[in-house]
Amino acid sequence: MTAIKGDDDQDSSAEALPAAQDLTGSSIKARAWRSFVETAATINVKMEKRLHSTTGLRLTDYNLLLLLTEATGNQLRMGELAERMVFSPSRLSYQAKSLQARGLISRCADPTDRRGMTATLTEEGRRVFREASAVHAQHIRQIFHDSVDEDEAAALREICRKLLQTTEETELR
């Protein structure tokens, strides 16, 4: 994370840069953005590596199993599952086939609409998810809970809420 190391520099001239240069990494907001993106990527890579080595699941698998665990009857239509996926909804069909082959989910024609498919968490899926949840929770405690206090967590949550709202409302061009 070499880019973040320079964040302690107090370069007040960065604030006076033209808007075009503001995106290059020299302004406070540009440096904060880069820190946010690089930190999130580093956390994801590290957590995924450890989760996969201990449970055989990727974060995308964990996310899919989490959504099914939280759903009524532990099942969702594939279309709804794709909408709720945080990680890579475009690969959902491949991922679902892989989890089905491992016996973690089952897929069948939706009983209310035969044109759609429904994914359901299996007993084995529930067992593997419980194991993965314990590992995942330990990672969150180590990385997040030990690093931020309650006020910082509240501030981060509000920042993320604002970013998510803006992202959902913004048509990127």
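Residues numbered from 1 in each chain as written. Predicted model: local features only at pLDDT ≥ 70, side-chain atom pairs only at ≥ 80, totals over all residues. Heavy atoms only, no water.

Engineer: Just to check I follow, could you spell out the confidence of the model for the protein chain for this structure?
Structural biologist: Low pLDDT marks stretches whose predicted atomic positions should not be read closely. Mean pLDDT over the protein chain: 86, with 85% of residues reaching 70 or higher. Helix H6 (residues 123-145) holds the highest mean pLDDT among the elements of the protein chain, 96, whereas helix H1 (residues 2-5) holds the lowest, 46. Across residues 1-14, where pLDDT falls below 50, the model places 14 contacts with residues more than four positions away in sequence or in other chains. (pLDDT = per-residue confidence, 0-100. Helix = DSSP H or I, 4+ residues; strand = E, 2+ residues; numbered from the N terminus. Contact = heavy atoms within 4.5 Å.)

Engineer: Can you help me understand the pattern of salt bridges in this one?
Structural biologist: A side chain with one charge may pair with a side chain of the opposite charge, provided their charged atoms come close. Applying the stated criterion across every chain, the model contains seven salt bridges. Across the pair Glu 38 and Arg 34 runs a salt bridge, and its minimum N-O distance is 2.7 Å. Taken together, the residues Glu 38 and Arg 34, both in helix H2 (residues 28-55) and four residues apart, mark about one turn of the helix. One salt bridge connects Arg 58 with Glu 48, and the closest N-O pair in it is separated by 3.8 Å. Highlighted residues: Arg 58 in the loop between H2 and helix H3 (59-70) and Glu 48 in helix H2, separated in sequence by ten residues. Each of Glu 124, Arg 127 and Glu 131 takes part in salt bridges that share partners, so that together they form one network. (Salt bridge = Lys/Arg side-chain N within 4 Å of Asp/Glu carboxyl O.)

Engineer: Got a minute to help me understand a negative patch on the surface in this structure?
Structural biologist: Residues Asp 149, Glu 150, Asp 151 and Glu 152 make up a contiguous surface patch of negative charge. With respect to the element layout, Glu 150 can be found in helix H7 (residues 150-169). (Patch = residues over 30% accessible without salt bridge, like charges linked within 9 Å, V, L, I, M, F, W, Y side chains within 5 Å. Areas by Shrake-Rupley, 256 points an atom, 1.4 Å probe, with all protein chains shown as cover. Lys, Arg positive; Asp, Glu negative; His and termini not counted. Charge placed at Lys NZ, Arg CZ, Asp CG, Glu CD.)

Engineer: Teacher, can you tell me more about H6 here?
Structural biologist: What sets the pattern is the α-helix's 3.6 residues per turn: residues three or four places apart point alike. Here H6 is 23 residues long and its end C-alpha atoms lie 31 Å apart, about the 33 Å a rise of 1.5 Å per residue gives. All buried positions along H6 are accounted for by Gly 125, Val 128, Phe 129, Ala 132, Ser 133, Val 135, His 136 and His 139. (Expected span 1.5 Å × (residues − 1). Buried < 20%, exposed > 50% of the residue type's maximum accessible area, 1.4 Å probe, protein only.)

Engineer: Sorry, what's going on with the nonpolar core here?
Structural biologist: Within soluble globular proteins, side chains that are nonpolar generally end up buried alongside one another. Ranked by internal contacts, the top residues of the largest apolar core, which has 24 residues, are Leu 57, Leu 64, Leu 65, Leu 68, Leu 81 and Ile 105. Counting residues per element, the ones that place at least two in this core are H3, helix H4 (78-84), helix H5 (92-101), strand E3 (113-121) and H6. Counting residues per element, this core draws most heavily on H3, which supplies six residues. (Core = buried A, V, L, I, M, F, W, Y, C linked by side-chain atoms within 4.5 Å.)

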